[in-house]
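Geometric and topological summary
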Amino acid sequence: MILKYLKARDWAMVAACAVLIAIMVYLELEIPGYMSSITTQLNLPNTDLDLIYHDGGMMILCAFGSLVVSIAVGFMAALIAASLARTLREKEFDRVQSFSSEEMNRFSTSSLITRSTNDITQIQMTVAMGLMIVIRAPIMAVWAVMKIADKNWEWSVVTAAAVVVVLLTIGIVMLYVVPRFKRIQGLTDNVNRITRENLSGIRVVRAYNAEGYQEGKFDGANSELTDVNLSANRALAGLMPVMMLVMNGLSLAIYW
């Protein structure tokens, strides 16, 4: 639903990102081949230094090309995400302006503030990261399996097992963090509401000497939001090390 707000220029950049990501994956997957060739040459009695220099130079070119393409993809992904966020904020503002009094009463001011700031920022970050991950992951997986399949069946089995384990890990983590991220939205609304109430009624708060009560009220809401955020982000932070550990462990199993 959200992607329908992408403009024609944005879709053109998405297509360009897909092409550039395919090029980046190709360059990254060529580096191990050159490394293997260099290792083979070093183990031969008569080492061909010219071939080693050639393969080493190609490795450097592939790495530099991958770096340049990665920067270009990141730049275009940021432009696409920023353009979508701008469009969503415009649409949301126009929609809120058209609300009737009855419709306005269904939403709180703090909730509308959250929707126009935090929520759209999260969408922007998700689109920017998703363009690089969602497009790259299947290309990398398919291409890597194709390169391995015709060389060694053990590597194919290990790769398939690694993919299954990684997918299961991602699924478990998502089941854990998604409900917490949904809860974060409501807790953010609550913090905004308490902050706005304190600012708008600061004279009344001071008149009744209720600063301590308001501070405790804010601390409770802020601590709850912080705890849920930490819980969700710790799970996400542990995802990448677990994935790398599983991949490395399954790969090393071949040598035992």
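Thresholds applied
Residues numbered from 1 in each chain as written. Predicted model: local features only at pLDDT ≥ 70, side-chain atom pairs only at ≥ 80, totals over all residues. Heavy atoms only, no water. pLDDT = per-residue confidence, 0-100. Helix = DSSP H or I, 4+ residues; strand = E, 2+ residues; numbered from the N terminus. Phe/Tyr/Trp six-rings, centres within 6.5 Å; stacked < 30°, edge-to-face > 60°. Lys NZ or Arg CZ within 6 Å of the ring centre and 35° of its normal. Salt bridge = Lys/Arg side-chain N within 4 Å of Asp/Glu carboxyl O. Buried < 20%, exposed > 50% of the residue type's maximum accessible area, 1.4 Å probe, protein only. 1 Å grid on protein atoms, 1.4 Å probe; cavity = no way out; pocket = protein on both sides within 12 Å on 5 of 7 lines; lining within 4 Å. Points joined across faces, edges and corners; volume = space filled by probe spheres on them.

Now for the confidence of the model for the protein chain. Of all residues in the protein chain, 91% have pLDDT values of 70 or greater, and the mean over the chain is 81. For the protein chain, helix α8 (residues 239–252) is the element with the lowest average pLDDT, namely 63, and helix α2 (residues 49–97) is the one with the highest, namely 88.

Let us look at the packing of aromatic side chains. Here the structure, examined in full by the defined rule, presents zero aromatic pairs. Positioned above the aromatic ring of Tyr-176, the side-chain terminus of Arg-180 is 3.8 Å from the ring centre.

Taken as a whole and judged by the stated rule, the model has three salt bridges. Among the ionic pairs, Arg-183 bridges to Glu-224, the shortest N-O distance being 2.7 Å. Placement of the pair is Arg-183 in helix α5 (residues 153–200) and Glu-224 in helix α7 (residues 211–237), with a sequence separation of 41 residues. Glu-224 sits in the partly exposed class, given a relative accessible area of 32%. Across the salt bridge formed by Arg-193 and Glu-197, the nearest N and O atoms sit 3.1 Å from each other. Pair noted here: Arg-193 and Glu-197 are both in helix α5, with a separation of four residues, about one helical turn. Connected via shared salt-bridge partners are Arg-193, Glu-197 and Lys-217.

A volume near 300 Å³ is recorded for the second largest pocket. Met-1, Ile-2, Lys-4, Tyr-5, Leu-88, Lys-91, Glu-92, Arg-95, Arg-115, Asp-119, Ile-120 and Ile-123 together form the lining of the second largest pocket. When residues of the lining of the second largest pocket are traced back to their parent elements, those giving at least two are α2 and α4 (109–149).

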